[in-house]
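# Remarks on the overall topology
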Amino acid sequence: MKNNKDPILSLHNITKSFGSVVANDSIYFDLYPQEIQVLLGENGAGKSTLMKILYGMYQADQGEILINQQKVVIQDPNDALRLGIGMVHQHFMLVPVMTVTENLMLGDEKTKGNAFGKLSKLDRETVRQEIIALGNKYGLQVNPDAVVEDLSVGEAQRVEILKVLYKGADILILDEPTAVLTPQETSELFEIMRSLIKQGKSIIFITHKLKEVLAVADRIAVLRNGKVVGHTTPAESSIEELALLMVGREVLLTATKGQSHPGKVVLNIKDLSIKSKSEVMVVKNFSLQLRAGEIYGIAGVQGNGQSELIEAITGLMQPHSGHIIILNKDVTHSSPRQITLVGTAHVPEDRQKHGLVLGFSVATNLVLQTYYLPPFSNGWVIYPEKVEENADEKIDEFDIRTPSRDALVSNLSGGNQQKVIIARELSRPINLLIINQPTRGLDVGSIEYIHKRIIEARDKGVAVLLVSAELDEILSLSDRIGVMYAGELVAEMDAKGANREQLGLYMTGSKKEKMLKENINQ
Ligand SMILES: Nc1ncnc2c1ncn2[C@@H]1O[C@H](COP(=O)(O)OP(=O)(O)OP(=O)(O)O)[C@@H](O)[C@H]1O
Ligand SMILES: [Mg+2]
């Protein structure tokens, strides 16, 4: 929304360093009332840091924050909320076992006590009603009595937004809210954002998806290496130009690859069925043969059994029935370590839970699967200099932006954490690569690089099983594509003939391939 009012928020000369890393370097930034401004930038450019300064989680080394032209001091998130600034974080912050209402009441000054058990029924009912009212006002419907762990990712996100609205925020900071959303949920979020703007709110929105930027932004500010390097608008820009501005060089937006040369069967899944914790059959009679030297992409709306399938193959979950065979070895009930030892690499969906040890250094995280093997160890002692050498090499090769190899991996930006996992998993001799959402949260430049490495692995004879919510990624990387719907493989096709519309029909259950069983058994 164009306007000629004064900014509601201004940042002047904000600078913040972590040791030798200058995360924010003299940043000037204005946000106008009722606009959606996108903050765009590479992984590690300093976006989250800047937003955390605004939200009082970090203190700037230098610079000023102005709200409505008045200089303010923001020591902590309570100060920020009092000034009308609310933030929805890159990683969710809700308490899973509590209801929506309970989550909103936590630490709330409007209710009578902070100790949760002591709150009266009256308070609870007031908050419930307020959630319903807010929901109606902004098109943000959520059941106030639902337990958060039972919500879909999209719903949980709505609760996060409700929470900041409930606390009275006028300026909303959304840090990569769409990274984990389905396309449908993303459109719903955009509707909500537009309705918020209409009702007088202002939004700072962070995303790596350039199509989204063009779809939703009023203005765009671009950060690189901690500095603002440009401003633009969707009307004046294009995906290619945004990529160039962000990364500082031309980026190949679609992966290029040669013909695949499939070899022997590496992964053979026979009639696999998996039950969820709540005893629901989430994967049903799934069969697949994956060969050396090919990339098999599994498309599907999230929550159709893909995650459970991957957890079963990698030993994180026990299947109900059926078999998983890797290079003629039955690993159906093997441990994750045993499955790693037959030459399997895994890039998990939840990087913080299954991919990294957040309290360890970058160097240690880079050898989590191999520290007990040569050259890092002789079986008795670990050689720290080898671990360090390896770290320096990988940091350089995969362009991991970190202050040093000894930095805690938890201090890296989201995208750089992902690069640590990918560097580790692609750097040892493997036969099978299982990757779930490999480029979630990565900037376009990093995606280009990671795609290249995945194709290189394929060309060296690795069998690659790719799960991705990004249809563009499935279409550009895969040699064959399977679609999962309601726990079943409902279609399988050569990637060459595949297109978005046709995949969409299978993904929503409107169409099912009848000949599928016969195809697989050939
Ligand atoms: N608490 C911290 N301690 C040390 N370094 C940090 C800390 N927080 C951020 N950094 C560093 O500051 C730089 C900017 O990180 P930031 O998280 O702001 O990036 P970002 O733009 O949000 O990236 P992404 O798109 O990957 O989320 C990175 O080099 C990061 O390693
Ligand atoms: Mg970030």
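Here the structure is a predicted model, which is why all the values come from computation and not from measurement.

## What to know about the site of ligand 1
Near ligand 1 you find 20 residues, and of these Phe18, Ser48, Thr49, Ser413 and Gly415 are the closest. At the level of secondary structure, the elements contributing two or more residues to the shell around ligand 1 comprise strand 2 (21-31), helix 1 (47-54) and helix 14 (414-426). Of the residues that constitute the shell around ligand 1, the class distribution is six nonpolar, twelve polar and two charged.

## Some details on the nonpolar core
Membership of the largest hydrophobic core comes to 137 residues, with the highest contact counts inside it found for Leu54, Ile173, Val464 and Val483. When residues in this core are grouped by element, the largest group, six residues, is from helix 5 (residues 153-166).

## A short note on the sheet that holds strand 11 (residues 265-275)
Read across the sheet, four strands follow the order 12-11-14-15 without closing on themselves; strand pairing throughout is antiparallel. In this open sheet, the two strands that pair with only one neighbour each are strand 12 (281-291) and strand 15 (329-330). Pairing analysis gives five bridges linking strand 11 to strand 14 (residues 321-326), with the strands arranged antiparallel. Among the inter-strand pairings, Ile269 is bridged to a residue of strand 14, identified as Ile324.

## As for the sheet that holds strand 17 (residues 432-436)
Spatial ordering of the open sheet is given by 16-17-18-13-19-20, a layout of six strands whose pairing is mixed. In the strand order of this sheet, the two ends are held by strand 16 (344-347) and strand 20 (488-494), each with one partner. Strand-to-strand, the axes of this sheet are offset by a mean angle of 15°, without reference to chain direction. Inspection of the sheet shows strand 19 (residues 480-485) paired to strand 20 by six bridges, in the antiparallel sense. Looking at strand 20, one finds that Arg480 is bridged to Asp494. Strands strand 13 (295-299), strand 17, strand 18 (463-467) and strand 19 of the sheet are contacted by helix 9 (residues 306-313), whose axis makes an angle of about 150° with strand 17. The strands touched by helix 17 (residues 500-507) are strand 13, strand 19 and strand 20; relative to strand 19, the strand with the most contacts, the crossing angle is about 30°.

## Brief notes about helix 8 (residues 239-247)
Taken residue by residue, helix 8 has Leu242, Ala243 and Met246 as its buried positions. Taken down its axis, helix 8 places every buried residue within 100° of arc, on the same side. Looking at the buried positions of helix 8, the neighbouring elements they touch are strand 3 (36-41), helix 7 (210-216), strand 9 (219-224) and helix 15 (444-459). Following helix 8 by one or two positions, Gly248 adopts a phi angle in the positive range, close to 85°.

## Describing the domain arrangement of the chain
Put simply, an interface is often sized by how much accessible area is lost when its parts join up. Looking at the chain, the domain boundaries give domain 1 (1-84 + 170-251), domain 2 (93-169), domain 3 (260-343 + 430-522) and domain 4 (351-428). The distance between the C-alpha centroids of domain 1 and domain 2 comes to 26 Å. The partner domain 2 presents twelve residues to the 17 residues of domain 1 that form the contact. Counting residues per element, the ones that place at least two in the side of domain 1 that touches domain 2 are strand 7 (171-175) and helix 6 (183-198). Examining the composition of the side of domain 1 that touches domain 2, we find that seven residues originate from one element, helix 6, more than from any other.

## Observations regarding the pairing of strand 13
Along strand 13, five of the five residues are buried, which leaves the element largely enclosed by surrounding structure. Across the two faces of strand 13 the burial is the same, with Ile295, Gly297 and Ala299 and Tyr296 and Ile298 all buried. In this structure, strand 13 lies alongside strand 18, joined through four bridges in parallel fashion. Bridge pairing links Tyr296 to Leu465 in strand 18. Strand direction decides the pairing type here: strand 13 and strand 19, joined by four bridges, are parallel. Within strand 19, the position partnered with Tyr296 by the bridge is Arg480.

## Some thoughts on unusual backbone geometry
That bond from Pro374 to Pro375 is cis: its omega, 0°, falls within 30 degrees of zero. Mapped onto the secondary structure, Pro375 falls in the loop between helix 12 (362-365) and helix 13 (384-397). Unlike most non-glycine residues, Gln34 shows phi in positive territory, near 60°. Within the secondary structure, Gln34 sits in the loop between strand 2 and strand 3.

## Structural notes on the environment of Glu501
With respect to the helices and strands, Glu501 occurs in helix 17. On the neighbour-count criterion, Glu501 (7 C-beta atoms within 10 Å) is exposed.

## Some thoughts on the environment of Lys163
Tracing the backbone shows Lys163 in helix 5. Each residue touching Lys163, except ones within four places of it in the same chain, is listed here: Asn103 and Leu104.

Thresholds applied
Residues numbered from 1 in each chain as written. Chains lettered and ligands numbered in written order. Predicted model: local features only at pLDDT ≥ 70, side-chain atom pairs only at ≥ 80, totals over all residues. Near = placed C-beta within 6 Å. Helix = DSSP H or I, 4+ residues; strand = E, 2+ residues; numbered from the N terminus. Nonpolar A, V, L, I, M, F, W, Y, C, P; charged D, E, K, R; others polar. Core = buried A, V, L, I, M, F, W, Y, C linked by C-beta atoms within 7 Å. Buried ≥ 20, exposed ≤ 12 C-beta atoms within 10 Å, placed from the backbone. Pairing = 2+ DSSP bridges. Axes fitted to C-alpha atoms, helices over the stretch in contact; angles between N-to-C directions. Contact = placed C-beta atoms within 7 Å. Arc of directions from axis to C-beta. Domains from an automatic or database assignment.

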